[in-house]
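Topology and contacts: notes
What follows is each chain in one-letter form.
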Amino acid sequence: MAAGLLAILSRLLCCGVLLSLDPSHGLAGLVFQPSFLIASGPEVNVYLVGESSTSADVGVETVTHLNDSSQSNCVKATTTDQWSLTTSKDEMNVNVQLTLNRSLVPCEDLLNETSCCAEPLCIVETLRVTACLDGKLAATLLVQVMIFVNSTFHGIVNESKVLIPKQKYHPLGPCPCNLTAYACDVRCCCDEECTPSMIQLFHSYCFPGVFGGNVSQPFDHLCSVQNANAPDWFPFLCLESSFDNSPYLGLFYDGDTVSVSHDVSFGTATSAVLNVPVGYHQGDHIVKNEDEYLTIPQRSLNGQCLTNAPVAYLEDFDARCVTPLTAAACMDNHDISDDIRIQNGQGLLILANITYQKTTDLSKFIATTSVNLGPSPANQPWFPEHQNITASVEPIHKSETKLVDGICENMILQADYVFRWEGNVIINVTLLVTLGNVSLDSPATLTQRFSVTFTNFRNGRLSDVTLSGNPGYQIGKPVLGTFGNGSTLQKAPVSIWQPVGNGLCSSAQITSVLFGKNSLSGCLLRLGIDAFDNCTGLRSIIYKKLLTLMPTNISRRGNSNPSDLSEWVPLFKVLPNDSANFESELSSFCTGIPANLNLWFFTSVVGAIEGVPQHEILGAEANFSTVTWQVNCGGGDAVVCEDSSLLQSFSVSFSVQFIEIPVQPEPMKTSFQMNYFEYDCSRNDICWPELAYPLTRRYQGETYCRSIAYGMLLVFFFLVTALLGDPWNKIRKAWQNAMFH
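For the structure given in this document, a descriptive report is provided here. (Residues numbered from 1 in each chain as written. Predicted model: local features only at pLDDT ≥ 70, side-chain atom pairs only at ≥ 80, totals over all residues. Heavy atoms only, no water.)

1. A few points about the nonpolar core
The line we're drawing: Put simply, buried Ala, Val, Leu, Ile, Met, Phe, Trp, Tyr and Cys residues joined by side-chain atoms within 4.5 Å make one nonpolar core. The classification of residues rests on relative accessible area computed with a 1.4 Å probe and restricted to protein chains. Under 20% of the type maximum is buried, over 50% is exposed, and intermediate values are partly exposed. Going along the chain from the N terminus, every DSSP run of H or I of four or more residues is numbered as a helix, and every run of E of two or more is numbered as a strand. We call two residues in contact when some of their heavy atoms are within 4.5 Å.
Counting 45 residues, the largest nonpolar core has Val 479, Phe 601 and Trp 629 as the members making the most contacts within it. Those elements giving two or more residues to this core turn out to be β28 (495-498), β30 (519-527), α5 (535-546), β32 (568-573), β33 (589-609), β34 (612-630) and β35 (648-660). Residue contributions to this core peak at six residues, all from β33. Setting aside residues no more than four positions away along its own chain, Val 479 makes contact with Tyr 473, Pro 493, Val 494, Val 513, Leu 514, Phe 515, Ile 554, Phe 601, Ile 617 and Phe 658. Core analysis: the second largest hydrophobic core is formed by 32 residues, Tyr 280, Tyr 313, Ile 412 and Trp 421 among them.

2. Focus: the pattern of salt bridges
Pairing between side chains of opposite charge can happen when the charged atoms of each approach one another. For clarity, the threshold we go by: Throughout this description, the term salt bridge denotes a Lys or Arg side-chain nitrogen within 4 Å of a carboxyl oxygen of Asp or Glu.
The full count for this structure, using the stated rule, is seven salt bridges. For Lys 477, the salt bridge goes to Asp 316, with nearest N and O atoms at 3.4 Å. Separated by 161 residues along the polypeptide, Lys 477 in the loop between β25 (461-462) and β26 (480-483) and Asp 316 in the loop between β14 (305-310) and β15 (317-324) bring together distant segments of the chain. The buried category is assigned to Lys 477, whose relative accessible area is 17%. Classification of Asp 316 as partly exposed rests on a relative accessible area of 34%. Residues joined in a network through salt bridges with shared partners are Arg 556, Arg 557, Glu 567 and Glu 616.

3. Some points on the state of the cysteines
Formally: Working definition: a disulfide is two cysteine sulfur atoms within 2.5 Å of each other.
Tallied over the full model, the rule gives 11 disulfides. The partner cysteine of Cys 305 in its disulfide is Cys 321, sulfur to sulfur 2.1 Å. The disulfide joining Cys 305 to Cys 321 has a torsion of about -95° about its S-S bond and is therefore left-handed. Of the two residues, Cys 305 sits in strand β14 while Cys 321 sits in strand β15, which places them 16 residues apart along the sequence. Classification of Cys 321 as buried rests on a relative accessible area of 8%. With its sulfur 1.8 Å from that of its partner, Cys 535 forms a disulfide with Cys 590. Between Cys 535 and Cys 590 the disulfide shows an S-S torsion of about -75°. By sign, it is left-handed.

4. Topic: the pairing of strand β18 (residues 353-359)
The criterion, for reference: Strands pair, by our definition, only if DSSP identifies at least two bridges between them.
Alignment of β18 against strand β23 (residues 425-439), held across six bridges, turns out to be parallel. For Gln 357, the partnering residue across the bridge sits in β23 and is Thr 434. In the sheet, β18 pairs with strand β20 (residues 393-396) via four bridges, with the strands oriented antiparallel. Of the residues in β20, the one forming a bridge with Gln 357 is Pro 395.

5. Concerning the sheet that holds strand β1 (residues 31-33)
Test applied: For every element, the axis is a line fit to its C-alpha atoms; helices are fit only across the contacting stretch, and the angle between N-to-C directions ranges from 0 to 180 degrees.
Sheet architecture is open: four strands sit in the order β1-β3-β6-β5, paired in antiparallel fashion. Of all the strands in the sheet, the pair left with one neighbour each is β1 and β5 (83-89). Averaged over all pairs of adjacent strands, the angle between their axes in this sheet comes to 30°, without regard to strand direction. Examined bridge by bridge, strand β3 (residues 43-49) and strand β6 (residues 94-100) share six bridges and lie antiparallel to one another. Looking at β6, one finds that Glu 43 is bridged to Thr 99.

6. Digging into the sheet that holds β35
Ordered in space as β27-β26-β31-β32-β34-β33-β35-β30, the eight strands form an open sheet in which the pairing is mixed. Of all strands in the sheet, those bounded by a partner on one side alone are β27 (490-493) and β30. Neighbour-to-neighbour, the strand axes of the sheet open up by a mean angle of 25°, direction not taken into account. Two elements, β32 and β34, share three bridges in a ladder whose sense is parallel. Directly across from Phe 572, in β34, lies its bridge partner Glu 621. Across the face of the sheet, α5 comes into contact with β30, β33, β34 and β35 while running at roughly 20° to β33.

7. Details of the pairing of β26
As defined by bridge partners, β26 adjoins β27 across four bridges and the pair is classed as antiparallel. By the bridge assignment for β27, Phe 483 is matched with Gln 490. As paired strands, β26 and strand β31 (residues 553-555) are joined by two bridges and run antiparallel to one another. Within the sheet, the bridge partner assigned to Thr 482 lies in β31 and is Asn 553.

Dropping the structure here:
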């Protein structure tokens, strides 16, 4: 197999068609992206881009001879012996996906399987993908397939115990460069999966040293490896030891018999007795029933959703998990049942109060892969309009999720948990579950929402005000604002637009501004040539829409009282700068568009309570950055400036920045400190004023009493040296001479 692979690669490289596009590509501007591809896995994704890409017919075939790759005929088949082709369309492009229809499991791992891999290099072939318009070839892509066997086989695993040899005498990894299971690692000559013919391809470039498998090489301090350049004292300090002893042998394990471990899940207890907290503290995992953590899907640091992530006490979150619409996603209930019992922190189980509601408006949950960009701005709003969401929601009784004729009935779309707490105890738990009927026929993605909110229960009554700190802001809590200028302000979080789905501003949603978290967001506006007839009106619309969610005042602290105006700071809105008016000279051209909204919050640490810094907002400002928008009519595409139904994209952005201001400014330096800094310890390596630093209270290396003792001992040695030295000898001799004379 290795010799055959080498022959195929040499023929392809010599002819220059290892990866290439057919010379006939480019009809109607169609082209495959990426322009070259080597497939090493069971799934291949490419894009067909161009003006008429959505109307092209895409097919695939297997190239059996090298000359077949240059054919100009169209392929109509969507399947081969081992591959199947599927397409999905978005706004302007076509996503072409090739999927392997056979397994990649080695034959020695299966008993009754015919489509297995007899050798490590399982599949070597060339695929030809064509895109045709009206029966004419428009674009061609060659894909070279080289797939090894699956190194992560999940079949029946032997549950017998594995014996690890004693590490004092045997290295645990005799071939460290063997990184891939059931496959030959290039340049790893100690890899047992590499056949002699494979090693011949890279035998002159094997990894040297320990990484290449030489784990028993003698080290330099052995007496038996003395070389000519060894120093004269080497025989007196060398080590007498056998070659089996090596610094590369592990001394961390004595060798033991262990069993294969199973996958760990947060849904089950990790130990025989789960540590049920007695009084919750912030960050503790909430326990349900007797031996399980309460788990809710949450976003991880890399942006992916963890399906079984534990809920932490007093830590709110609002997660959005995007998943393809499949039958598996339909039947996933995310551990939501009618009997959810939560440990309250005092050893008692409280039953969660679960309410179900059904919605018919699926616009904020489902994003289709194709969006119609045809309507003009006059028929399509630029920014989202305020809608009555409650009108499309009705309460229902619990209904089981089921799949009927391609429709997932009562699918879980949103789950909102509310925990009411007092001190270290959970008082009550409510859960609002939003269901909906979702069609699985059309390709789309589902955005499921999961949120957790902790509400304080004080003095026997529920607090109806959501706080972001007490008294100062907590990092990650929403910044609070108010609307209105009356004696009593209407409290609401500060929000900005957040794009979803196709990224257009018309379908954007809102997200809260979190304290201490700098953020950057943006969306796209689809505008035609008619929108540039009145640049003044265009500036006014953009300016007003960006300020729609901006409040009048900003809360100084996380618990500001809406009825006390002194606890709020005004949000200063800086008007955009007026730019020169060129509209009369140039068409399809507008300057000074306030397309970038910048929110600046000036914060400071004003104190600490129990060692926790208290953050406060001193001021807030909303200003604009202006840009120039111009319809692109050049490049031979002048029809855009004539047809008002053709739209182009223009970006609108929002930025949030928190600027920390020190409470007390640094004192001004005197002229002596600026000019004579010889004795300034902060600007010199040698600091004479710190000569007695070990004897001061600021020294933390030793206790003060021990530092004094060491200092007195040094003074004693100095006096003894002075008395027994040359000056004292002269004085003693002079005294003796005076006594005898």
